[in-house]
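Tertiary structure, described
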Amino acid sequence: MTIHRVGVALEPAYDIHIGAGALDLVPEMLSERRRVAIVSQSAIADLYLDSIRSGLANSEVFLIGDGEEAKSLSTVEGLCRNFAEFGLLRGDVVVALGGGVVGDTAGFAASVYYRGVDVLQVPTSLLAQVDAAIGGKTAVNIPEGKNLVGAFHQPIAVAVDTDTLASLSPREYRSGLGEIAKYALISDFGISGTGLIELLNNSTDLVLARDPAVLADLVAMCCEIKAQVVAADPYERTGIRATLNLGHTLAHALETRGGYELTHGEAVSIGLIFAVELAEAAGRISAETAKRYCSVASSLGLPLEVPGGSEVKAEDLLAIMRRDKKASGGLTFVLPGKDGLQLVDDPPTDALAYAFRCVGVGG
Ligand code: GLY
C-alpha cells in the first residue's frame, strides 16, 4: 500500500510518513544512530515492538505507566535516568511508540535530556496520529493542571502506521474521530483543497469500518492540515495555531468538571457543536452552514449533547472556561465566520445561552 508523505515546513523541516506498514520504515530511518531509546507502554510494546526493534542494532526499551497519571515529572525523571544508564548521548535518538501519553512524556524527556536529543514520534492511536504527534508540543501534568510543564520540541520525523488503528477499542477509535470532525471544519474555513468533508460524507461507512485505504487517506488529509497550521505558527504566537483549539473551550471545561465519562474526542465533538451553534447565534455563519457541520459529527456517531446536561448549570461551565489557560481575558472561543476561524472574546450572552441549549445544557 502507498505511504503518503506530508512535509512540515519548519527549520529544520521534517516528514510525516502515513500508511499501512509505516512501522517498517522506522529501522531504516534510524540506521545511522548509535543508540535508540524506545519509550512505550507494555500493551503497545507487546503489539508493535518487534517490527521496530528487529532492524535496530542498539536499542533499549523503557516502559511507562498508562493514563494521565503517567504524564508526570517523576516519569520524566525516571526516563532521563534510564537514558543516562543506557549511555544515550546527544547524537542518539528517542522513539516515542504509543498514544498521546507516550508522545507527550517521551517528547518532553527528549527535549530536556542533554538539553535536547532527537525524538521520532511513532503514534499508535488515532488521536495521536492526527494531532498530538505532529507539531512538537510536549508536556506533562502537575497537580495544578494538565500539560502545564512542557516544551516545543519538533520530532525528526513522524511514522504513522494506520494498521495500528485496527487494535483500538470502538471508543478509542471514536475519540479520534472527534478530532477528525474538527479538521473537517477547519479545512472548510481555513485550509482549502483537502476534500476532507467530502471524504467523510461520501465514505462514512468505510470510515466507521476502518477501511485501510480510506483510513490512510483520511489520516493523511488531517496531517496535511495540521502540518500547514503548525508551519504557519509553530509556537502558537499569532493565533493561527490556536485555531486548532476549535471546539476545545467547552471540551476542556467538560473534562475539567468531570463526571461525564467522555473521552477527549467525544468532548471535542460536543464542543464543536457548541462552537458552531454559538457562531450561528452570533450572526457569524448561516443556519445552513451550522447544520452542515453538525451533520458531520452526527454521521460519525459522535455525541452531540452533554450527557445528563439538563442537570448541569451553564454558569458552572462558564466559570471553568474563564479559567482556561488559553483565554486572553474573559471568555475566548475559536469560532467560524466569513473571515475564517478567529479567536473571539466574550460573545453575546444570549448567543451563549442558545449554544448551551443546543448541546442540552440547562434543560
Ligand atoms: N493540539 C493542538 C496543537 O498542537 O497546537
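These notes cover the structure that comes with them. Source: prediction; values computed, not measured.

1. Observations concerning the nonpolar core
Of all hydrophobic cores here, the largest spans 81 residues; its most connected members are I16, L126, L200, L250, F274, L317 and M321. Those residues in contact with L200 that lie beyond four places of it in its chain are I180, A184, V207, L218, V296 and L300.

2. Remarks on helix α3 (residues 73-86)
Counted at 1.5 Å a residue, the expected span for α3 with its 14 residues is 20 Å, and the 20 Å between its end C-alpha atoms agrees. Buried within α3 we find T75, V76, L79, C80, F83 and F86. Buried positions in α3, seen along its axis, are confined to an arc of 135° and lie on one side of it. With respect to the buried face of α3, the exposed residues turned more than 90 degrees away are S74, R81 and E85. Looking at the buried residues of α3, the elements they touch are β3 (36-40), β4 (59-63), β5 (93-98), α4 (100-112) and β7 (137-142). One or two steps after α3, the chain reaches G87, where phi turns positive at roughly 90°.

3. Focus: the packing of aromatic side chains
Throughout the structure, instances matching the rule amount to seven aromatic pairs. With 5.4 Å between their ring centres and 80° between their planes, F83 and Y113 make a pair best called edge-to-face. Of this pair, F83 sits in helix α3 while Y113 sits in the loop between α4 and β6 (118-123), and the two are 30 residues apart along the sequence. Taking the relative accessible area as the measure of exposure, F83 reaches 0% and is therefore buried. Members of the aromatic cluster, connected to one another through ring pairs, are F62, F83, F86, Y113 and Y114.

4. Points about the sheet that holds β6
The strand order β1-β2-β9-β6-β5-β3-β4 describes an open sheet built from seven strands, whose pairing is mixed. One side of each edge strand has no neighbouring strand; the edge strands of this open sheet are β1 (4-8) and β4. Within this sheet the neighbouring strands show an average axis-to-axis angle of 20°, counted without direction. Pairing of β3 with β4 involves five bridges; the strand directions are parallel. Within the sheet, the bridge partner assigned to S40 lies in β4 and is L63. Contacts between α3 and the sheet are confined to β3, β4 and β5, with β4 contributing the most and set at about 160° to the helix. Each of β3, β5 and β6 is contacted by α4, which is oriented at about 170° to β5, the strand it contacts most.

Reading guide: rules and limits
Residues numbered from 1 in each chain as written. Predicted model: local features only at pLDDT ≥ 70, side-chain atom pairs only at ≥ 80, totals over all residues. Heavy atoms only, no water. Core = buried A, V, L, I, M, F, W, Y, C linked by side-chain atoms within 4.5 Å. Buried < 20%, exposed > 50% of the residue type's maximum accessible area, 1.4 Å probe, protein only. Contact = heavy atoms within 4.5 Å. Helix = DSSP H or I, 4+ residues; strand = E, 2+ residues; numbered from the N terminus. Expected span 1.5 Å × (residues − 1). Arc of directions from axis to C-beta. Phe/Tyr/Trp six-rings, centres within 6.5 Å; stacked < 30°, edge-to-face > 60°. Pairing = 2+ DSSP bridges. Axes fitted to C-alpha atoms, helices over the stretch in contact; angles between N-to-C directions.

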